[in-house]
Amino acid sequence: MARLSNILAVVGLSALLAVTGLTLFDIALRSDIVYGLRDLFPGFDNFVMNSGVDGLSDLYAPLGIVAIAFCFPAMAAGRSAITVRFLIDSLPWRLREALDVCGHLCLLAMFALMAWWVSDYTLDIWHSGETTWLLNLPRWPAWALGSLALWMSALIQLVVLAGQCGRALSASEPAPLENAAEGAE
């Protein structure tokens, strides 16, 4: 589970790098240096304008959902959600573990709702045949990938929740989780 979630995170971070690279390329083409080159080389202006620069946003906008959604499974598997643990030493261990169960249950509900809403939206844009503005690329594939990643996040969170329930119901106080990724395996 940890290996799969790490692979998905690499896909998400690669999409984020692609978005960043395309955005920086788009900014560079609109910079003063490029405008200066246009003045020096009139043919350069025709090259830039004919190379489809205006369609860059159609390429990097759909990658945003992939970049975000593909990082959630690794967060769930690594138990890396933000938690506030300022009372951890003062609570009995069973109550502490029960509160962790509640937190993991809420995170599972959030992932399930996000996956359901994104899946519903994906089906809507698929049925409508919605495309990007300039390049007329279908929008549904990126949203379908995001939906898949969110469903995988919910599934991974369900496994993490089951493990946490086991910790809460154990006969004696479980050992602390040293490495969050080890607790998810």
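The model shown is predicted, which means the values in this text are computed figures rather than measured ones.

A. Inspection of unusual backbone geometry at higher detail. Its identity as a non-glycine residue notwithstanding, Arg79 has a phi of 50°, on the positive side. In this fold, Arg79 is placed in the loop between helix 6 (72-77) and helix 7 (93-128). Even without being a glycine, Asn136 presents a positive backbone phi close to 55°. Topologically, Asn136 is positioned in the loop between helix 7 and helix 8 (140-168).

B. Structural detail: the packing of aromatic side chains. Under the counting rule described, the total for this entry stands at three aromatic pairs. Relative to Trp143, the ring of Tyr121 lies with its centre 4.9 Å away and its plane at 75°, an arrangement referred to as edge-to-face. Pair noted here: Tyr121 is in helix 7 and Trp143 is in helix 8, with a separation of 22 residues, a long-range link. Given a relative accessible area of 32%, Tyr121 falls into the partly exposed group.

C. Quick look at the environment of Trp126. Its place among the elements puts Trp126 in helix 7. For Trp126, a relative accessible area of 45% gives the class partly exposed. Here the alpha-carbon distance between Trp126 and Ala144, two residues 18 residues apart in the chain, equals 9.2 Å.

D. A look at the pattern of salt bridges. Applying the stated criterion across every chain, the model contains four salt bridges. Across the salt bridge formed by Glu97 and Arg96, the nearest N and O atoms sit 3.8 Å from each other. Residue Glu97 shares its accessibility class with Arg96, and that shared class is buried. Note that Glu173 is salt-bridged to Arg96, the shortest N-O span being 3.0 Å. Placement of Glu173 in the loop between helix 8 and helix 9 (180-184) and of Arg96 in helix 7 is noted, with a sequence separation of 77 residues between them. Given a relative accessible area of 16%, Arg96 falls into the buried group. Three or more residues are tied together by salt bridges with common partners; here these are Arg96, Glu97, Arg167 and Glu173.

E. Main features of helix 1 (residues 2-29). In this model helix 1 runs 40 Å from its N-terminal to its C-terminal C-alpha over 28 residues, within 8% of the 40 Å that 1.5 Å per residue would give. Among all positions in helix 1, only Ala2, Ser5, Leu8, Ala9, Gly12, Ala15, Val19, Asp26 and Leu29 are buried.

F. View of the environment of Leu150. Along the chain, Leu150 falls in helix 8. The spatial distance from the C-alpha of Leu150 to the C-alpha of Val118 is 8.3 Å, given a sequence separation of 32 residues.

G. The side chain of Glu97, seen in detail. Take Glu97: it is sitting in helix 7. Classification of Glu97 as buried rests on a relative accessible area of 2%. Residues within four places of Glu97 in sequence aside, it is in contact with Gln164, Arg167, Ala168 and Pro174.

H. A nonpolar patch on the surface, seen in detail. Taken together, the side chains of Leu59, Trp133, Leu134, Leu135 and Leu137 define a hydrophobic patch exposed on the protein surface, amounting to about 560 Å² of accessible area. With respect to the element layout, Leu137 can be found in the loop between helix 7 and helix 8.

I. Local environment of the confidence of the model for the chain. Per-residue confidence for the chain gives a mean pLDDT of 86; residues scoring 70 or more make up 90%. The low-confidence segment residues 181-185 (pLDDT under 50) makes 11 contacts with residues lying over four places distant or belonging to another chain.

J. Looking closely at the environment of Thr23. Along the polypeptide, Thr23 turns up in helix 1. Separated by 38 residues in the primary sequence, Thr23 and Ala61 have C-alpha atoms spaced 9.7 Å apart.

What counts, and at which threshold
- Residues numbered from 1 in each chain as written.
- Predicted model: local features only at pLDDT ≥ 70, side-chain atom pairs only at ≥ 80, totals over all residues.
- Heavy atoms only, no water.
- Helix = DSSP H or I, 4+ residues; strand = E, 2+ residues; numbered from the N terminus.
- Phe/Tyr/Trp six-rings, centres within 6.5 Å; stacked < 30°, edge-to-face > 60°.
- Buried < 20%, exposed > 50% of the residue type's maximum accessible area, 1.4 Å probe, protein only.
- Salt bridge = Lys/Arg side-chain N within 4 Å of Asp/Glu carboxyl O.
- Expected span 1.5 Å × (residues − 1).
- Contact = heavy atoms within 4.5 Å.
- Patch = residues over 30% accessible without salt bridge, like charges linked within 9 Å, V, L, I, M, F, W, Y side chains within 5 Å.
- Areas by Shrake-Rupley, 256 points an atom, 1.4 Å probe, with all protein chains shown as cover.
- pLDDT = per-residue confidence, 0-100.

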